[in-house]
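# Residue-level structure breakdown
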Amino acid sequence: MFGLIRKFRRRRLAKQPFPPEWLPYLTRHVPFYSRLPDELRQDFLDRLKIFALEKRFTGVQGMEVTDEVRVVVSAAAVRLVLHLDLDYYNHLREIIIYPFEYKHEGIDGAVLGEANTWGTVILAWPSVLAGLRDARDGHDTATHEFVHSLDIGDGSFDGMPALKALEDYRPWVEVLSGHFEKLQNRNRAQRKVLRNYGALNPAEFFAVATESFFEKSTQMKKHTPDLYEELKRFYGFDPASDGVDGVPSGKKIGRNDRCPCGSGRKYKRCCGRI
């Protein structure tokens, strides 16, 4: 019953025109949008529109959820399922946005984002902007957390999303678990491509690997080709070949540059902290 209601609602949303005032938000903050092939761009906009209008966005700690925030965050989510289906986000109910990095009581360090089992993704808006702007550092907070949302679709954070075919599961487990173990052992090839945070557990490895797949695809294809092929098969993208990888659209953010979020701090001390 709920599935039929959801399909009806999405058909209704799909018939609404894409708000033209949303396009400047994409050109300003989402560099990968301009690199999407023409044949994918309309589908991307259609899915973005549905996602942005369907999901509940909540601002906290004084954060105002404007159309700009809604569109930019939705763009990060929709890229992951452009060759899949929006049904991968059926579990996701709400996106909570902070105006700054936040903290959890009893845990050291600032939090840039997180995903929860009850269908919530939480993001720090400055980290969303910084992750999208520097499109080749392999660190994109919004992408990372939305990967967790794909992962939880089967009920657990385990680095195993719902794959397209039964025969895809065995190579997925073999390849990703193999590279996860190598990263834990500080293998040089892995560290050229993947952040050390991916060695924490299989779920974080899947999220970190996806960040690198989209932002460091050429390096991944060179140093860990089997991992690249597994992610390519799942996401349907070939970013190292089709031009949708992390080729910079402007000046790369230096670690000692001021953070683009406007905090006044150096990037390495703010949203660039890994």
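Up top is the structure.
One numbering rule holds for all chains: residues counted from 1, following each sequence as written. Residue-level local features of this predicted model are given only where pLDDT is at least 70; pairs of side-chain atoms are given and counted only at 80 or more, and the full residue set underlies all totals for whole chains, interfaces and linings. For the side-chain quantities, the full set of heavy atoms in the structure was used; hydrogens and water were omitted.

So, on to the overall build of the chain. Counting its regular elements, the chain contains 13 helices and 4 strands. Here the chain, with 274 residues, has 53% of them falling under the buried criterion. Here the chain has roughly 13200 Å² of accessible surface; of this, 50% comes from carbon and sulfur atoms. The secondary structure listing takes helices from DSSP runs of H or I that are at least 4 residues long and strands from runs of E that are at least 2 residues long, numbered from the N terminus. Each residue's exposure class comes from its accessible area (1.4 Å probe, protein chains only) as a fraction of the maximum for that residue type: buried when under 20%, exposed when over 50%, partly exposed otherwise. Residue exposure ignores everything except the shown protein chains as possible cover, and the areas themselves are Shrake-Rupley values with a 1.4 Å probe.

The strand order β1-β2-β4-β3 describes an open sheet built from 4 strands, whose pairing is mixed. The open sheet has two edge strands, β1 (56–59) and β3 (113–116), and neither has a second partner. Averaged over all adjacent pairs, the angle separating strand axes in this sheet is 15 degrees, with direction ignored. Between any two strands, pairing holds if DSSP finds at least two bridges. Pairing between β1 and strand β2 (residues 94–98): 4 bridges, direction parallel. Note on β2: the bridge partner recorded for F57 is I95. Residues count as neighbours in contact if any of their non-hydrogen atoms are within 4.5 Å of one another. Between N-to-C directions, angles cover 0 to 180 degrees, with each direction set by a line fitted to C-alpha atoms, over the stretch in contact for helices. Helix α6 (residues 125–133) contacts β2 and β4 (120–124) of the sheet and is inclined by roughly 80 degrees relative to β4.

This next bit is on the pattern of salt bridges. Any Lys or Arg side-chain nitrogen located within 4 Å of an Asp or Glu carboxyl oxygen qualifies as a salt bridge. As enumerated under the stated definition, the model contains 13 salt bridges in all. Among the ionic pairs, E54 bridges to R9, the shortest N-O distance being 3.7 Å. Here E54, found in helix α4 (residues 38–54), pairs with R9, found in helix α1 (residues 2–14); they are 45 residues apart in sequence, far enough to count as distant. Its relative accessible area of 18% is what places E54 among the buried residues. Taking the relative accessible area as the measure of exposure, R9 reaches 30% and is therefore partly exposed. The structure contains a network of salt bridges with shared partners spanning R9, R10, E54, K55 and D87.

This paragraph deals with the nonpolar core. Buried together is how nonpolar side chains tend to be arranged in soluble globular proteins. For our purposes a nonpolar core is just a set of buried Ala, Val, Leu, Ile, Met, Phe, Trp, Tyr and Cys residues, chained together by side-chain atoms within 4.5 Å. The biggest cluster of nonpolar side chains holds 71 residues, and the ones touching the most others in it are L26, F44, F51, V73, F146 and Y235. Excluding anything up to four places from it in sequence, F44 contacts L26, F32, Y33, L36, A75, V78, R79 and L82.

Another aspect to go through is the environment of K216. When you line up the elements, K216 lands in the loop between α10 (202–215) and α11 (217–223). Spatially, the C-alpha atoms of K216 and L194 are 8.9 Å apart, while their sequence positions differ by 22 residues. Other than its neighbours up to four places away in sequence, K216 contacts R136, D137, G138, K192, V193 and E211.

Right, let's talk about unusual backbone geometry for a bit. Although it is not a glycine, Q61 adopts a positive phi angle of roughly 55 degrees. Tracing the sequence through the fold places Q61 in the loop between β1 and α5 (67–80). Backbone geometry at R186 places phi at a positive 60 degrees, although glycine is not the residue there. Relative accessible area serves as the criterion here: at 49%, R186 is assigned to the partly exposed category.

Let us look at the packing of helix α8 (residues 169–184) against helix α12 (residues 225–235). It is the contact of α8 with α12, at a shortest axis distance of 10 Å, that shows an interaxial angle of 135 degrees. Classified by the angle their axes make, α8 and α12 are oblique. Relative to α12, α8 is oriented so that their crossing is left-handed. Note on element contacts: α12 touches α8 through D226, L227, E230, L231, R233 and F234, opposite P171, W172, V175, L176 and H179. Reported orientations rely on four angle classes, namely roughly parallel under 35 degrees, roughly antiparallel over 145, roughly perpendicular from 65 to 115, and oblique for the rest. Here is the rule for handedness: rotate from the far helix to the near one, and if that takes an anticlockwise turn smaller than a right angle the crossing is left-handed, while a clockwise turn gives right-handed.

Across the two faces of β3 the burial is the same, with G113 and A115 and E114 and N116 all buried. As paired elements, β3 and β4 share 4 bridges and run antiparallel to each other. By the bridge assignment, G113 is partnered in β4 with L123. In this structure, the hairpin formed by β3 and β4 is closed by a connection of 3 residues, where G119 is found at a positive phi of approximately 95 degrees.

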